[in-house]
Amino acid sequence: MGSQWLQFVASGVTSGAIYALVALGFSIIYNASGAINFAQGEFVMIGGMSAVTLVAAGLPMPVVVPLAALTAVVVALLLEKLAIEPARKASTVTLIIITIGASLLLRGLAQLVWDKRIHSLPAFSGDAPLQFMGATVLPQSLWVLGGAALAVGALSWFFGRTLFGKAMLATSYNPLAAQLVGINTRTVLFVSFGLAGMLGALAGVLIAPITFTSYDSGIMLGLKGFAAAMLGGLGSFNGAVLGGLLLGLAEALGAGFVSSAYKDVIAFVVLLAVLFFMPGGLRGARRSDRV
Amino acid sequence: MERAAPTASELARARLRRWAFDPRSGLLALAVVIVLLPLFLSNNYFYDIAIAVALNAIVCVGLNLLIGYAGQISLGHAGFFALGGYGSAILSGSQGWPVWLSMLTSCAAVGLLAFVVGRPTLRLKGHYLAMATLGLGVIISIVVSTEDRITGGPDGLSVPPLALFGWVVRGEHTWYWIACSGLLLAVWLAQNLIESPAGRALRALHGSEVAAETLGIDSARYKLQVFIVSAVFAAVAGTLTAHYAGFITPAKASFMHSVELVIMVVFGGMASVFGAVVGALVLTTLPQLLTVLKDYEMMVYGVVLIATMVFFPQGIVPTLARWLAWWGRR
């Protein structure tokens, strides 16, 4: 019984770490623009798919990961420059619709550049499972946790210790005041997309050896990352990490003890419950003003 | 100084402009198009497309009220559409209810569901409805493909034909008139709603939510009303589609279908009832014409959506209407 619990917790934390990375991407762009970027899942897909291509080209893993992340960053920056920037002054609804268009476009392009098949990526350090107190843990899970922890650490250093990171935080609190003290909010939005692309791609590369990847694998990961961001409180970085881990655990335990057919439903039930009962999320209460 | 008397052509232009912006003339024009269209529909395939356009247009007219007038997006309208279709299919099929009763029941149930979801989320400022409908839509789509004993699962479910007091509706020609009458009714209802206190309140909200609220407008209530109306429109179109096609699959409930519906509304024009009809027309017929481009369909949708939002944020029909107005004033 104990080992079964441990097994579910291990797999829950693994997928939770991935949701946390995706949720961070949502929060960063939300803070800079007030919009929800529905193409966030596509950044994850681009990370995974380009890693598959790079590995097939014979490159070693330490080169593949930064290159795959770079690909997604370039795509994200292009998206910001070509589609978001021209509509910068438009309403939030318009921006949301543009990102939905971008997600369709990127998925369509992925079908052409790659194909419609499902691809696998070799695990970073072998497939031999590790035994831990009666539970079986894939070495790749440790890579996922380590990679995610590293990314979160780097991000908190960036936002807490660098001038530009602080400028981005200032913009999220009050764009007008940020502009008045000389922060270029257009650059902030541009960099936000780059960061979100990088986090998404990192999630995509880390998870691809466990769940495989295909042109449409970004849809579900994106939507679940979004649910995680809402659970933690949209715009809050601690909340995104917390929300991701909780969602991953809820999903793994729900699939293990309740029904595996409805595993994918859990994230959305959580999303609805958050909206109905605590719309600010766990850590984002300051945004929940009622009409 | 005395103003010069308007010339005949100025008068004609002014009259044309007044006519073009009168909602009743739009409804009349739509009716004329519907009556004349069968002259050009040479076979059942074209009828089939015309029916699909009319049924999609019903959903879009409703969704357009929500997006254009209440300023809220729904990313789960395919869920309401499919729930209407599946509900009516199951009640009239395995439960043996009369078709008209099962259609009414499932549409009412969808209205109730919209109330339950809309009431807490529309009280919040921001785009929480988009997220709630997104979640609800995905849940509905997973449930209909998982509960295969009731819904037939991913293979779909066959649906009994529409029957009214012993008269069984069959054939594309009869269905054309049913679908188009439904569309006319939907447009008429939508126009009335826009001119009603609820519609005027929503337009005031669009101008300034704070100003409207100081005048005592309960914005949450009006947004909720419009949301329920739009969900019921989707459910009606869903039941009609299911009984017309005789078959329904979980694809009708997919997130992608919800996005397609939003594309139709946005492309045709937000806050324009006829924009919604034009959007449904263009985006339903385009994939039929461009079957060679099947592999590029998703890309084309994406580009259409982005380009519309960047270059014609108002949509096609309002942009054309503005040009017409400019020409009339010249």
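Residues numbered from 1 in each chain as written. Chains lettered and ligands numbered in written order. Predicted model: local features only at pLDDT ≥ 70, side-chain atom pairs only at ≥ 80, totals over all residues.

*Asks:* Explain the overall build of chain B to me, using residue names and the numbers behind them.
*Replies:* A count of helices and strands for chain B gives 15 helices and four strands. The C-alpha atoms of chain B give 21 Å as radius of gyration, which agrees with the globular expectation for 330 residues (20 Å, within 12%). With the C-alpha coordinates of chain B rotated into their principal frame, the extents come out at 80 × 55 × 45 Å. Put simply, 79% of the contacts in chain B that link residues at least 6 apart link residues at least 24 apart. (Helix = DSSP H or I, 4+ residues; strand = E, 2+ residues; numbered from the N terminus. Rg over C-alpha atoms; globule rule 2.2 N^0.38 Å. Contact = placed C-beta atoms within 7 Å.)

*Asks:* Go over the confidence of the model for chain A, please, and point to the residues and values.
*Replies:* For chain A, the mean per-residue pLDDT works out to 88, and 97% of the residues sit at or above 70. Within the model, the stretch residues 286-291 of chain A combines pLDDT values under 50 with 13 contacts to residues more than four positions away or in other chains. (pLDDT = per-residue confidence, 0-100.)

*Asks:* Before we move on, could you go through the interface of chain A and chain B and cite the residues and values that matter?
*Replies:* At the junction of the two partners, chain A supplies 37 residues and chain B supplies 36 residues. Elements with a minimum of two residues in the side of chain A that touches chain B: helix 4 (92-113), helix 9 (218-232) and helix 11 (263-277) of chain A. When residues of the side of chain A that touches chain B are assigned to their parent elements, the largest contribution, 15 residues, is made by helix 4 of chain A. Residue composition of the side of chain A that touches chain B, by class: 27 nonpolar, six polar and four charged. (Nonpolar A, V, L, I, M, F, W, Y, C, P; charged D, E, K, R; others polar.)

*Asks:* For helix 1 (residues 2-33) of chain A, give the residues involved together with the corresponding values.
*Replies:* Residues and elements named next belong to chain A. Compared with the 46 Å implied by 1.5 Å per residue over 32 residues, the 45 Å span of helix 1 between its first and last C-alpha is a close match. With respect to burial, helix 1 is a largely interior element, 23 of its 32 residues being buried. One or two positions beyond helix 1, positive phi appears at G34, with a value near 75°. (Expected span 1.5 Å × (residues − 1). Buried ≥ 20, exposed ≤ 12 C-beta atoms within 10 Å, placed from the backbone.)

*Asks:* Summarise the packing of helix 3 (residues 44-69) of chain B against helix 8 (residues 172-195) of chain B; cite the residues concerned and give the values.
*Replies:* Residue and element names in this part refer to chain B. Two numbers describe how helix 3 lies on helix 8: the axes approach to 9 Å, and their chain directions differ by 15°. Classed by the angle they form, the pair helix 3 and helix 8 counts as roughly parallel. By crossing handedness, the relation of helix 3 to helix 8 is classed as left-handed. (Axes fitted to C-alpha atoms, helices over the stretch in contact; angles between N-to-C directions. Parallel < 35°, antiparallel > 145°, perpendicular 65-115°, else oblique. Left-handed = near helix turned anticlockwise from the far one by under 90°.)

*Asks:* Describe in detail the environment of A276 of chain B, supporting the description with residues and values.
*Replies:* All names here are of chain B. Note that A276 resides in helix 13 (residues 273-289). Among the residues examined, A276 registers 35 C-beta atoms within 10 Å and is labelled buried. Separated by 229 residues in sequence, A276 and Y47 have C-alpha atoms that sit 20 Å apart. Setting aside its immediate chain neighbours within four residues, A276 contacts A57, C60, V61, N64, V265 and G268.

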